[in-house]
Amino acid sequence: MTKLATIYGGSGFVGRYIARRLAKEGWRVRVAVRRPNEAMHVKPYGTVGQVEPVFCNIRDDESVRAVMQGADAVVNCVGTFDKSGRNNFEAVQHLGAERIARIATEEGVGQMVHISSVGADKDSDSLYSQSKAEGEDGVLSHFPNAVILRPSVIFGHEDQFFNRFAGMTRFGPILPIFGGNTRFQPVYVDDVAKAAVKGALGEAEPGIYELGGPDVNTLRELIDQMLEVIQRRRLVINKPFFAGAILAGILDGLQAVTLGLFHNSLLTRDQLRSLRHDNVVADDAKGFADLGITPTAMEAVLPDYLWRFRPSGQYAAIKNSAKNLKA
């Protein structure tokens, strides 16, 4: 009989790759999201009816349970960068994750995979990182055999990392950044999906895996690599954290006084706290090697989707070739 997986947040950046890979494995996939009508892009990942978006509110027990009925595996990809509102850090990344694990155990689900973050730490000064750690504890308290994946910053076609910085280069010759000396270990989104699928198939030992790519770079080095790919020259200025604190405070305050009409997606105080800490895999952590996966290098992927930020866009290669033609 064909197996069934429920992926909470399965239409998002990471979830869609997991859904596609599970469909290729022959599984039926329920993509549990708040807005199914905005998740129709997942349906072509499989044959007719194989991948279906369904409504779910992970703050509600019965909603979580309804979309889990009959599932052989569940994958939780739900996350947020909002510290306020109903879908805040605590509600989504802690209580939501714990709820999914508890109900998965009650329903007799065989496998659970939970997507966390390499910076998860209950003692962190970042509320985001605290909620990620609390979510892990909640998952393991109810589903001890869960596979927990802690990726570093994730890159890929739909990412909000390289795409965001590349977009900023269009607004002028100066590119300001904060935390330029903070180290990251970017990991390709489809590699994270491979790890998640191994967990769902029961091919990974239970436990926590920290996932990072083959290279560790500072934020400044990553920006320089991005600029080379998009063939733009920009003056990159690493601004001090106290300047970032002032800017983030203003932006957070503006969101508060407008009651959320202005949504601060530029820089929050909590994001700035996270930028003070390296985002790399621990030396003693289990990782891709334990899963039999070779991580993909950034240079193999970045040109595939950042080309649109080049001055000549898709014609950049043609123009470069034309320069070499002899008269």
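Residues numbered from 1 in each chain as written. Predicted model: local features only at pLDDT ≥ 70, side-chain atom pairs only at ≥ 80, totals over all residues. Heavy atoms only, no water.

Visitor: Help me understand the pairing of strand S6 (residues 147-151) in this model?
Guide: Successive residues of a regular strand alternate their side chains across the two faces of the sheet. Judged by how many residues are buried, S6 sits mostly within the fold: 5 of 5 residues are covered. Alignment of strand S5 (residues 111-115) against S6, held across 3 bridges, turns out to be parallel. Of the residues in S6, the one forming a bridge with His114 is Ile148. Tracing the backbone out of S5, into helix H4 (residues 127-142) and back to the parallel element S6 gives a crossover that is right-handed. As paired strands, S6 and strand S11 (residues 207-211) are joined by 5 bridges and run parallel to one another. (Buried < 20%, exposed > 50% of the residue type's maximum accessible area, 1.4 Å probe, protein only. Helix = DSSP H or I, 4+ residues; strand = E, 2+ residues; numbered from the N terminus. Pairing = 2+ DSSP bridges. Right-handed = clockwise from strand over helix to strand, strands pointing away.)

Visitor: I'm lost on unusual backbone geometry in this one. Help?
Guide: The phi angle at Gln231 is positive, at roughly 55°, despite the residue not being glycine. By relative accessible area, Gln231 is classed as partly exposed at 36%.

Visitor: Even after reading the chapter, I still don't get the sheet that holds strand S1 (residues 4-8), so can you show me in this structure?
Guide: Pairing in this open sheet of 7 strands is parallel, and the strands run S3-S2-S1-S4-S5-S6-S11 from one edge to the other. Each edge of the sheet is formed by a strand with only one pairing partner; in this case those strands are strand S3 (51-55) and S11. On average, each strand axis in the sheet is tilted by 20° relative to the strand beside it, whichever way the strands run. In terms of strand pairing, strand S2 (residues 28-33) meets S3 through 5 bridges, oriented parallel. Opposite Ala32, over in S3, you have Val54 as the bridge partner. Strand contacts of H4: S5, S6 and S11, with the helix running at about 175° to S5, the strand carrying the most contacts. Each of strand S4 (73-76), S5, S6 and S11 is contacted by helix H6 (residues 189-200), which is oriented at about 155° to S5, the strand it contacts most. (Axes fitted to C-alpha atoms, helices over the stretch in contact; angles between N-to-C directions. Contact = heavy atoms within 4.5 Å.)

Visitor: Explanation requested: the packing of aromatic side chains in the structure shown.
Guide: To describe a pair of aromatic rings, you give the distance between the ring centres and the angle between the ring planes. Using the criterion set out here, one finds 8 aromatic pairs in the structure. Judged by centre distance (5.3 Å) and plane angle (10°), the ring pair of Phe81 and Tyr128 falls under stacked. With a gap of 47 residues between them, Phe81 in the loop between S4 and helix H3 (89-106) and Tyr128 in helix H4 connect regions that are remote in the sequence. Among the residues examined, Phe81 registers a relative accessible area of 58% and is labelled exposed. (Phe/Tyr/Trp six-rings, centres within 6.5 Å; stacked < 30°, edge-to-face > 60°.)

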